[in-house]
Each structure stands twice: as C-alpha cells, then as structure tokens.
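A closer look at the structure
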Amino acid sequence: MKKTLLLLSLVAALCIMPFFIDHGGEFGGADGQAAAQIMEIAPNYTPWFESLYQPASGEIESLLFTLQGSLGTAVIFYILGYYCRNRKVS
C-alpha cells in the first residue's frame, strides 16, 4: 500500500512540476525550426509547392492536427480489434 501511494505521488509530482519550472523557452514546432535552417543553409531556396489550405489561426491548425491523429488512431485500433475478434481461440 505504501509503495502504491509513493508511486502515485511521484507520478503526480512529475505531472505537476513542469507547470512551475520556467526555463524561459518558447513552445515551437519543428516546422519553424526547419524553415529557419533552410533559410540559413540556402537563402535562395523556393518551395516546390504551396499549401492547399492555410488555417485562419494556430488553434484551428492544432485542432486539425489532433483530428488527423485521432482518425488515424481510430482506424488502426479498428483494424486491430477486427482481426483480434475474428481470430479463433485454439
């Protein structure tokens, strides 16, 4: 019982601590860093194509990214469930 409570409190501390530790960093994606590196290496680079749709804000972009990941996860687990259900137990 003591071990369980200790482990649960450690997990809770690990989840809460990042909210109170500030390293002065920014939250940014790899896309922005990649664009900066490309401009540093090859300043005359032009992209091969443009985006078909540019979201109005970062929140909408995050929403679409999350939906894409959720749909992909749903498809993968549906297929796994389908095959596990149809597998005969011997």
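Residues numbered from 1 in each chain as written. Predicted model: local features only at pLDDT ≥ 70, side-chain atom pairs only at ≥ 80, totals over all residues. Heavy atoms only, no water.

Below, the discussion takes up the overall build of the chain. A count of helical and extended segments in the chain gives three helices and zero strands. Element order for the chain, N to C, with α for helix and β for strand: α-α-α. For the chain, the spread of C-alpha atoms along the principal axes amounts to about 60 × 45 × 25 Å. Here the chain, with 90 residues, has 1% of them falling under the buried criterion. When the accessible surface of the chain is summed, it comes to about 9,300 Å², and 68% of that surface belongs to carbon and sulfur atoms. (Helix = DSSP H or I, 4+ residues; strand = E, 2+ residues; numbered from the N terminus. Buried < 20%, exposed > 50% of the residue type's maximum accessible area, 1.4 Å probe, protein only. Areas by Shrake-Rupley, 256 points an atom, 1.4 Å probe, with all protein chains shown as cover.)

Looking now at the packing of aromatic side chains. One pass over the full model with this rule turns up two aromatic pairs. Judged by centre distance (5.6 Å) and plane angle (80°), the ring pair of Tyr82 and Tyr83 falls under edge-to-face. According to the relative accessible area criterion, Tyr82 is partly exposed, its value standing at 38%. Pairwise contacts between aromatic rings join Tyr78, Tyr82 and Tyr83 into one cluster. (Phe/Tyr/Trp six-rings, centres within 6.5 Å; stacked < 30°, edge-to-face > 60°.)

Turning our attention to helix 1 (residues 2–20). With 19 residues, helix 1 should cover 27 Å at 1.5 Å per step; its first-to-last C-alpha distance of 27 Å lies within 8% of that length. When the local axis directions of helix 1 are compared, the greatest deviation, roughly 25°, occurs at Leu14, which is followed within four positions by the proline Pro18. (Expected span 1.5 Å × (residues − 1). Bend = angle between axes of the 7 residues up to and from the residue.)

Within this numbering scheme, the UniProt entry marks residues 63–84 as carrying the feature "transmembrane region" (unreviewed entry). End C-alpha atoms of residues 63–84 are separated by 31 Å, and the span's content is 100% helix alongside 0% strand. (UniProt positions renumbered as here; feature names shortened; annotations may be inferred.)

Looking now at the UniProt feature "signal peptide" (unreviewed entry) in the chain. Within this numbering scheme, the UniProt entry marks residues 1–24 as carrying the feature "signal peptide" (unreviewed entry). From the first C-alpha to the last, residues 1–24 spans 39 Å; its make-up is 79% helix and 0% strand.

Attention now goes to a nonpolar patch on the surface. Together, Leu52, Tyr53, Ile60, Leu63, Leu64 and Leu67 line one region of the surface with nonpolar side chains, adding up to about 650 Å² of accessible area. Along the chain, Leu63 falls in helix 3 (residues 58–86). With a relative accessible area of 48%, Leu63 lands in the partly exposed category. (Patch = residues over 30% accessible without salt bridge, like charges linked within 9 Å, V, L, I, M, F, W, Y side chains within 5 Å. Salt bridge = Lys/Arg side-chain N within 4 Å of Asp/Glu carboxyl O.)

To continue, consider the environment of Lys3. Along the chain, Lys3 turns up in helix 1. Taking C-alpha positions, Lys3 is 41 Å from Glu59, a pair spaced 56 residues apart along the chain.

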